[in-house]
Each structure stands twice: as C-alpha cells, then as structure tokens.
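# Chains, contacts and geometry: an overview
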Protein chains: 2
Amino acid sequence: MATINDIAKYAGISIATVSRALNKPELVNAETRERVMYAARKLNYFKNETLKILNVKSNKLSIGVIFPYITAYYFSELYSGISKAAKLHDIDLVLYELRSENMSKEGLEDALSFARRHLVDGIMLAGYVPSVYDEIFESLDIPVVLLLGTHESAKMSAYKVDDIRAAFDAISFLVSRGHRNIGMISLPLTDPANDIVSRFMGYKQGLDFYKLPFSEEMVAYGKLGFDDGYSAMKQLLAAREKTGITAVFTAADEVAIGAMRCIQDAGLRVPQDISVIGFGNLSIANISSPKLTTVAQPFEDIGAEGVKYMTKLLTEPGSVVERGNFYLPYKIIERESVAAIMNRSFSYCDGKV
Amino acid sequence: MATINDIAKYAGISIATVSRALNKPELVNAETRERVMYAARKLNYFKNETLKILNVKSNKLSIGVIFPYITAYYFSELYSGISKAAKLHDIDLVLYELRSENMSKEGLEDALSFARRHLVDGIMLAGYVPSVYDEIFESLDIPVVLLLGTHESAKMSAYKVDDIRAAFDAISFLVSRGHRNIGMISLPLTDPANDIVSRFMGYKQGLDFYKLPFSEEMVAYGKLGFDDGYSAMKQLLAAREKTGITAVFTAADEVAIGAMRCIQDAGLRVPQDISVIGFGNLSIANISSPKLTTVAQPFEDIGAEGVKYMTKLLTEPGSVVERGNFYLPYKIIERESVAAIMNRSFSYCDGKV
C-alpha cells in the first residue's frame, strides 16, 4: 500500500511538503498541490487509506462505468455483459450517467470526480467520445477503456464492432435478397467521427460497390428514437415513387421499429412492400411486429471483454502489451422484416456483375 | 462531523476502547467491535474521515439504489425519475443490482456492504421485498426507503401505486368497453405478499364486483417476459371456445406484448378479436403494434418522491414525521389494443346492473 513516502518519491517532492499538501492544502501552492494529488491518486493512496478506516480487509477492485443514457435500450444489453464479467472477476461496478447534452470538458470532469468520491479504480467509458475530452485524456490519473466508441489516443483501448464494415454487410445482405433500391435512415452527418455516423459511410460504400442507384432522397436524417424513425420514414415514403426503394437500412433498431410502424400506418406491409433492417439487435428487435432483422452487435461480449482488459490493466499492468481498437465480430440476425424479392424484373447490378 | 468522542458517547463505550476498535480491531471482542462499527456508521464517521483524506470540501449526499434488474424495461422508467430528482437535489446516485435469484439475507448483506464501500448515505430499495430481509431490517444502520414494494415495518416508508385498486380499475375499464368475459395473465400466486401478485386480487375483485363469469381456464400463469406472455396466451386461446374471453388483462406490459403477438400468430386480430390491456406503461407500450393500452404507473414520480423523502431523512431527520405507504395516482392510457364491443348481444351484468 502506498505511503506518503511513495507519493513524495513519485512526485519528486519532499515528504514534509506532501504531508502538508494532504493535510493543510491551503498552505501549499496550487501547482504542488495538484502534483501531490495526482501522485496520490495514481498510487491509490486515497482508496487504501479509506479501506484502512473502513476496516475493510480485501481490496476489492471497482470499475466505474460511464454511460450516455442508462435508460437507453442498448445500455441494458451492454450492462448485462459487463455485470456478468464483473461477477466473475469479483469486481464492484459503479455506474454513472453522462448524458450526450453534458458531453463537455466539465461533464467529464464531474464524472471523474464522482468516480473518485466513490473510490473507483478504473473507468469504462461507453459510447461516442467527443474531441472535447482530449485535454482531460492527456493527464488522466486513472486507467480508461472505451466501449462502442473510439479515440485516436493509442493509450486508450476500445472494444466495438467495425461500424463501417457492419453497415456494408447489411447492404450486402439486402442485395442478396434481391433489393436494389435501398434507402437509409441515418444520424445527421455533422460529426463524421461519431461511430454511428460511420454506418452511413458503410451504406454508401455498399451502394458504390454493388453499383446501386443513389440519390439524396434515399436518405433521411434524424435522432435514434422510435418517433425519429417514424418521421424519417414518412419522408422516404413521400419520395418513394421517385426512388423506388424496396428496403431501408436504419442506423439503430429503435429507428427501424418506428419506420416499420410508419410503413404500416401508410397501409403498406413490412416486409412484402418494404423491407427494413436495423442495427444493434436490442431485446426490442425480438418483440416488434414483425420481428426485426438486424445487425447484431455483440454487446455482451463487448462489455465482458472490456472488464477483462480493465482487470488486467489494474492487477498486472505490465502484462498488458496490446493496445488499440479491438473489433468484435457482428452478425446479421434474420427475423421477419426483410423479404426476398428475387422475382422482380430488373437487371442485377446493371448487368455488369 | 462525528469524532471518536461522539462514537464513544453514542455507543456508551470508553474513548480508548473506541479508538482501539477502529485502529486495532483484533484487540477488541467481537460484540464491542460491532457496537463501535454500528455507531460509527450511524454517525457517518467513515464517510467524513474519507472526505477529509480525499480533501473533498462539500459533503455531497449519496443515495444507493438497489434494483432487482438493471436491464428490466421498468428500471429505465424508474431511474429516469430518480436521476432527475437527484440532479435537482445535487445528490450522487450509486446503483446496485440485486437480482431476484439472490434475494436472500446474504444477498442484501452484500448489497449493504457494497453501499458502505462506496460511501452511500441512504438506500432506496426497489421492487418486491421478501420476508428474508426482516432480520437485517431490524438492525439497519442506514436509512432505507422502498419503491414499488412494501414492508410491514412502519419504520420504512414506501412509494408505489395501489396495485389491487389499479388492477380493479383495469377491469372496470374493460367492462366500460363492453367486455364481459375477461381473462388474465398473472404471476403464479405462490407469494401473495408480492405486489405483482396483488394485481390478480384486483382482477378477481373486479370480476366479483361486476358479477362477471370466472373459471380456472380464464387465468394463465407465468413470469413477466415477452415469451412468458406468448405461451400463457396460447393457453388462454386453447380454452377460448369454452371461456369466450374477448379481453385479457396482463400483470405487465412485456407480457401483454407477447400475448398480442401470440394472438396475431394465431390469425386473430388485436383488438378486433381479442383486446389486451397491460400494466406499467413502459416505453415499449408505445412502440408495439398495435400500441398498448395499459395502466400507467407513475414511475418517474415514484422515483422522484423517493429521492425527495430520502433527502429529507438525511438532511433534516427530525422533520420527517409521516411514515408508511404512500400511494401515487395511476391512470389508464388508452392506445390501440382495446376495442369497444358495445354492439355484442349479451345482457350486461346479467341484467342486474
């Protein structure tokens, strides 16, 4: 367990000054105080002292999980994998919701200080990672692993699927079922670094690869909820005579379910008139009518792998040599929302394939 | 802030012994140690010491939320209310999942020791409260508020809806739409103290009150998932010729959505052939096809009221005079899954009403 001596050595500051910084911080200048605090956190000094006070014998590891929306359907899926792995490794989980609208430098700082107050040893950060976090990432005193999102910093490993390839394969799947005029409901393209926006790139690459027709009216943009899917689909239906779409790829399952309902309300059938494929494979994909064909993200595995990696980082830091983005396999789960339209009369890929 | 003196006074033990119990617990007998620890927890000694070490100025309150399934749809709804109220009162939330299968004395002890390790000031316990918790409840050193479930102990307040009355009113609603042969999908009746089982009692009271026919085949039992609803409905459909049911009341929304799908797969229509009413008003009720008519539990208000009450308990304990079960208002949200069958030819309530 780290002592004041260890902190002094780590920070290159005298023992007397360290002691003063911890006990009478007002007597020490801000920079020195910060250096002492950084070293103390880095060496787990606070947690060890607390466990001493609490008279807790076993130093159980704790992982903080920072999540954009604890109420989102996909949180449940991810949490399920995380909690199973945490139980296996005998680790405490401490959850924190950092909503999209609070994704600022201050928002992340609040999350980190929550993590400190509740004695967390490492952090898993789930979802999109905005660039405003960069500055904080540079002077982190706690290990972080990313889930579903990525960051260019090689110091931070990420577990996710390759969103571009997965979207491309969703298009391949629709093509294999005879579809040729394929629409998409996407997040707005304002932030190309967003992993969910990448799904649009995969869609576009699929269209290019199979030489399928594309026009602006084939894509509608919106957020990722049921209502967003509903109104985006309305737009796609309005342009249907012109675009001739027979299938729609959506950036998320909830959007797909909203789109299906919109199609049904317009007096059309899913999948006989329009096929819909989602992205995620949330539990709602299995209870919608019709059940949703979708790209399954291995949420449970992503959560479990993240915990495994973090445990290694915390218990045998020297042994972790591989860093970077780890892509987990996805698959397409075929249910009821995509029809095969092999019999339609069109020349496949302009006869070039 | 509590000192060793305060603990000594509270526990009726000498200061020297308290100091020994905290610093060299092995030198003190078990009973004394336990008394000192109890007093120390009760007086928030550990948390205050930790905050001193952490150099945290503001003593931010922390509420632990113990929940049976963080991945359940209804968790999201409840969490949403809890988190809004927590933000309003500037309170930290620390979530813990205590699954139904671990609802034992040991399970609750693990939850409480997790709460202590992560410096929680009060606990909100959501869901059903089994009687195996009684013993622990008797010597609690931390305030607890119940959400959705109740406990006979008057020391512990609970926020929920009156499940029996709400179920009764669901039946009244179906009767007002002309239904007379009404089935139910219920949790098994093995534990009558379970609040969800109470919904069966409300159903039965409704049938009695309106003098509606009842037979064993009108009720099917199962757990609360989509698949459970599906197979329970299969059973009700098999007995339909005999029972003549035109409507089904289900103990939970997910069950209702499974039941609707079963009806549709049997070639029947919801609501034209069979009406379905759920219980909960989860977000999935709004994305099912047809959208689900259901008894809305005010999850957000339940969560928010719980936080408000807990905050009062923690900050001005003397001011909390009202204790007991607080019933919040529910309402029936009419969507698309219940039809009016006024025109059917039967004599309403045997002509007696």
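Everything numeric here is computed off the predicted structure, so don't read it as measured data.

From N to C terminus, chain A includes 13 helices and twelve strands. Its C-alpha atoms put chain A at 85 × 35 × 35 Å along the principal axes. Burial status across chain A gives 57% buried among its 353 residues. Across chain A, the fraction of contacts at a sequence separation of at least 24, relative to all contacts at a separation of at least 6, is 71%. As displayed, chain A has an accessible area near 15,100 Å², and 51% of this comes from carbon and sulfur atoms.

Look at the two chain copies: a rotation about an axis and a shift along it is all it takes to match them. Superposition of chain A onto chain B requires a rotation of 180 degrees combined with a translation of 0.0 Å along the rotation axis, giving an RMSD of 0.1 Å. What the superposition gives is, in effect, a two-fold axis relating one chain to the other. Among all residues of chain A, the minimum C-alpha distance to the rotation axis is found for His118(A), at 2.4 Å.

What follows covers the nonpolar core. Tyr203(A), Met233(A), Phe249(A), Tyr203(B), Met233(B) and Phe249(B) are the most contacted members of the largest nonpolar core, which totals 160 residues. Setting aside residues up to four positions removed in sequence, Tyr203(A) forms contacts with Ala167(A), Ile171(A), Ile182(A), Gly183(A), Met184(A), Phe214(A), Met218(A), Val219(A) and Phe249(A). In this structure, Val94(A), Leu140(A), Ile142(A) and Tyr96(B) belong to the second largest nonpolar core, which totals 46 residues.

Residues and elements named next belong to chain A. Here chain A is described as being made up of domain 1 (1-56), domain 2 (58-160 + 297-329) and domain 3 (163-292). Taking only C-alpha atoms, the centre of domain 2 and the centre of domain 3 are 30 Å apart. Listed as interface residues are ten residues of domain 2 and, on the opposing side, 13 residues of domain 3. Its largest share of buried area at the contact with domain 3, domain 2 owes to Tyr73, Tyr128 and Gln297, together 61% of the area lost on that side. Linking domain 2 to domain 3 there are two salt bridges. Across the salt bridge formed by Lys160 and Asp163, the nearest N and O atoms sit 2.8 Å from each other.

Residues and elements named next belong to chain B. For helix α9 (residues 198-209), spanning twelve residues, the distance from its first C-alpha to its last is 16 Å, which sits close to the expected 16 Å at 1.5 Å a residue. Taken residue by residue, α9 has Ser198, Arg199, Phe200, Gly202, Tyr203, Gly206 and Leu207 as its buried positions. Considering only its buried residues, α9 is in contact with α8 (163-176), β6 (182-186), β7 (219-221), β8 (247-250) and β9 (275-280). Positive phi shows up at Lys211, right after α9, with a value of about 55 degrees.

Here the focus is the interface of chain A and chain B. Across the contact, 44 residues belong to chain A and 43 residues belong to chain B. Across the chain A/chain B interface, buried area totals approximately 4,000 Å², and carbon plus sulfur atoms make up 58% of it. Where chain A meets chain B, there are four salt bridges. When the shortest N-O distance is used, the salt bridge between Asp92(A) and Arg117(B) registers 2.8 Å. Of all the secondary-structure elements, those providing two or more residues to the side of chain A that touches chain B are α4 (45-54), α5 (73-88), β2 (92-97), α6 (105-117) and α12 (253-265) of chain A. A breakdown of the residues in the side of chain A that touches chain B according to their chemical character gives 20 nonpolar, 14 polar and ten charged.

For the rest of this paragraph, the subject is the sheet that holds β9(B). Residues and elements named next belong to chain B. Strand order in the open sheet made by the six strands is β7-β6-β8-β9-β10-β12, with mixed pairing throughout. Of all strands in the sheet, those bounded by a partner on one side alone are β7 and β12 (331-333). Within the sheet, the average angular offset between the axes of one strand and its neighbour, ignoring direction, is 20 degrees. With three bridges connecting them, strand β10 (residues 293-296) and β12 associate as antiparallel partners. Within the sheet, the bridge partner assigned to Val295 lies in β12 and is Ile332. Its contacts with the sheet put helix α12 (residues 253-265) on β6, β8, β9 and β10, and the angle it makes with β9 is roughly 160 degrees.

Attention now moves to the packing of helix α5 (residues 73-88) of chain B against helix α13 (residues 299-315) of chain B. All names here are of chain B. Where α5 contacts α13, the two axes come as close as 7 Å, and the packing angle between them is 40 degrees. Here α13 runs oblique to α5, going by the angle between their axes. Of the two possible hands of crossing, α5 and α13 adopt the one that is right-handed. Between α5 and α13, the residues in contact are Tyr74, Glu77, Leu78, Ser80, Gly81, Ile82, Lys84, Ala85 and Ala86 and Phe299, Glu300, Ile302, Gly303, Ala304 and Val307, respectively.

Criteria and cut-off values
Numbering of residues begins from 1 in every chain and follows the order in which that chain's sequence is written. Lettering for chains starts from A, numbering for ligands starts from 1, and both go in the order in which the items are written. Only residues with pLDDT of at least 70 are given local features in this predicted model, and only at 80 or more are side-chain atom pairs given and counted; all residues enter the totals for whole chains, interfaces and linings. In computing side-chain values, all of the structure's heavy atoms are included and hydrogens and water are not. Only DSSP runs of H or I covering at least 4 residues are called helices, and only runs of E covering at least 2 are called strands; the numbering of each starts at the N terminus. Only protein chains enter the accessibility calculation, which uses a 1.4 Å probe; a residue is then buried when its area is under 20% of its type maximum, exposed when over 50%, and partly exposed in between. Only heavy atoms matter for contacts: two residues are in contact if any of them lie within 4.5 Å across the pair. Each accessible area is a Shrake-Rupley estimate made with a 1.4 Å probe; only the visible protein chains count as cover when residues are assessed. Here the copies are matched by least squares. The fit uses the C-alpha atoms of residues with pLDDT of at least 70 in both. Side-chain atoms within 4.5 Å link the members of a nonpolar core, which is a set of buried Ala, Val, Leu, Ile, Met, Phe, Trp, Tyr and Cys residues. The split into domains, and so the bounds of each, comes from an automatic or database assignment of domains. Values labelled buried area give the accessible surface lost by two parts on being combined, using a 1.4 Å probe and summing over both. Counted as salt bridges are all cases of a side-chain nitrogen of Lys or Arg within 4 Å of a carboxyl oxygen of Asp or Glu. Here, expected helix span is obtained from the residue count minus one, scaled by 1.5 Å. Only Asp, Glu, Lys and Arg are considered charged, only Ala, Val, Leu, Ile, Met, Phe, Trp, Tyr, Cys and Pro nonpolar, and every remaining residue, Gly among them, polar. In short, DSSP must find at least two bridges between two strands for them to pair. Every axis corresponds to a line fitted to the C-alpha atoms, with the helix fit spanning only the stretch in contact, and the corresponding angles, defined between N-to-C directions, vary from 0 to 180 degrees. In this scheme, roughly parallel covers angles under 35 degrees and roughly antiparallel covers those over 145, while 65 to 115 is roughly perpendicular and the rest are oblique. Throughout, a crossing is termed right-handed when the near helix is turned clockwise from the far one, and left-handed when it is turned anticlockwise from it by less than a right angle.

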